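Here's the letter readout for the chains.
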Amino acid sequence: QVQLVESGGGLVQPGESLRLSCVASGSIWSIQGMGWYRQPPGKQRELVASIASGGSPQYGKEVKGRFTVSRDIAKNTVSLQMDSLKPEDTAVYYCHAELSTDDDPMYLRDFWGQGTQVTVAS
């Protein structure tokens, strides 16, 4: 079984920073890409940032220039540095991974974490 576990969420004031981390564990053969999505209250899920193996990071337009995604391939982790946070960034943030498992190394599947709450408010 594969699990993605997020950490680092919490309450922060506008203009401040927060760093999220996610670790993937289990019977993983290979991870193609990892990233972050978020779902504000009453809205649909949207891309925050992602980074694929051998590729450059991609960012949603709402966060470009403020957020930075990084990945540690050896540790199966992805992090999201969030700076200049705004109330509009308030959402549940979900870690995402596209990976294959040991039982079927040629088949890529999507996995999601449970989510971590980020609240930006004064």
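Residues numbered from 1 in each chain as written. Predicted model: local features only at pLDDT ≥ 70, side-chain atom pairs only at ≥ 80, totals over all residues. Heavy atoms only, no water.

Caption draft 1: Just the side chain of Glu-6, in detail. Considering the arrangement of structural elements, one finds Glu-6 in strand β1 (residues 2-7). Despite its burial, Glu-6 pairs with no opposite charge, the nearest such side chain being Arg-45 at 9.6 Å. Engagement of the side chain of Glu-6 in a polar contact is seen with the backbone nitrogen of Gly-115, the distance being 3.0 Å. Excluding residues within four positions of it along the chain, Glu-6 makes contact with Ser-21, Cys-22, Trp-36, Tyr-93, Tyr-94, Cys-95, Gly-113, Gln-114, Gly-115 and Thr-116. (Helix = DSSP H or I, 4+ residues; strand = E, 2+ residues; numbered from the N terminus. Buried < 20%, exposed > 50% of the residue type's maximum accessible area, 1.4 Å probe, protein only. Lys, Arg positive; Asp, Glu negative; His and termini not counted. Salt bridge = Lys/Arg side-chain N within 4 Å of Asp/Glu carboxyl O. Polar contact = N/O pair within 3.5 Å; in protein donor to acceptor, adjacent residues only side chain to side chain. Contact = heavy atoms within 4.5 Å.)

Caption draft 2: Structural view of the sheet that holds β1. If you trace the 4 strands from one edge of the open sheet to the other, you get β1-β3-β8-β7, paired in antiparallel fashion. The sheet is open, and its two borders are formed by β1 and β7 (67-72), each paired with just one other strand. Looking at each pair of strands side by side, their axes are set apart by 15 degrees on average, direction ignored. (Pairing = 2+ DSSP bridges. Axes fitted to C-alpha atoms, helices over the stretch in contact; angles between N-to-C directions.)

Caption draft 3: Structural detail: the packing of aromatic side chains. Considering all chains together, one arrives at 1 aromatic pair under this definition. With centroids separated by 5.1 Å and ring planes inclined at 65 degrees, the aromatic side chains of Tyr-37 and Trp-112 adopt a geometry described as edge-to-face. With Tyr-37 in strand β4 (residues 28-39) and Trp-112 in strand β10 (residues 104-112), this pair connects stretches of sequence that are 75 residues apart. On the basis of relative accessibility, which here comes to 23%, the residue Tyr-37 falls in the partly exposed class. Across from the ring centre of Tyr-37, 5.9 Å away, lies the NZ or CZ of Arg-45, which sits over that ring. The ring of Trp-112 carries Arg-45 above its face, with NZ or CZ at 4.0 Å from the centroid. (Phe/Tyr/Trp six-rings, centres within 6.5 Å; stacked < 30°, edge-to-face > 60°. Lys NZ or Arg CZ within 6 Å of the ring centre and 35° of its normal.)

Caption draft 4: Spotlight on the state of the cysteines. Applying the stated rule across the entire model yields 1 disulfide. Two residues, Cys-22 and Cys-95, share a disulfide whose sulfurs are 2.0 Å apart. Measuring handedness by torsion sign, the sulfur bridge of Cys-22 and Cys-95 sits at about -85 degrees and is left-handed. Taken as a pair, Cys-22 in strand β3 (residues 18-26) and Cys-95 in strand β9 (residues 91-101) lie far apart in primary sequence, 73 residues in all. In terms of burial, Cys-22 and Cys-95 fall into one category: buried. (Disulfide = S-S within 2.5 Å.)

The values are spatial; any link to function lies outside them.
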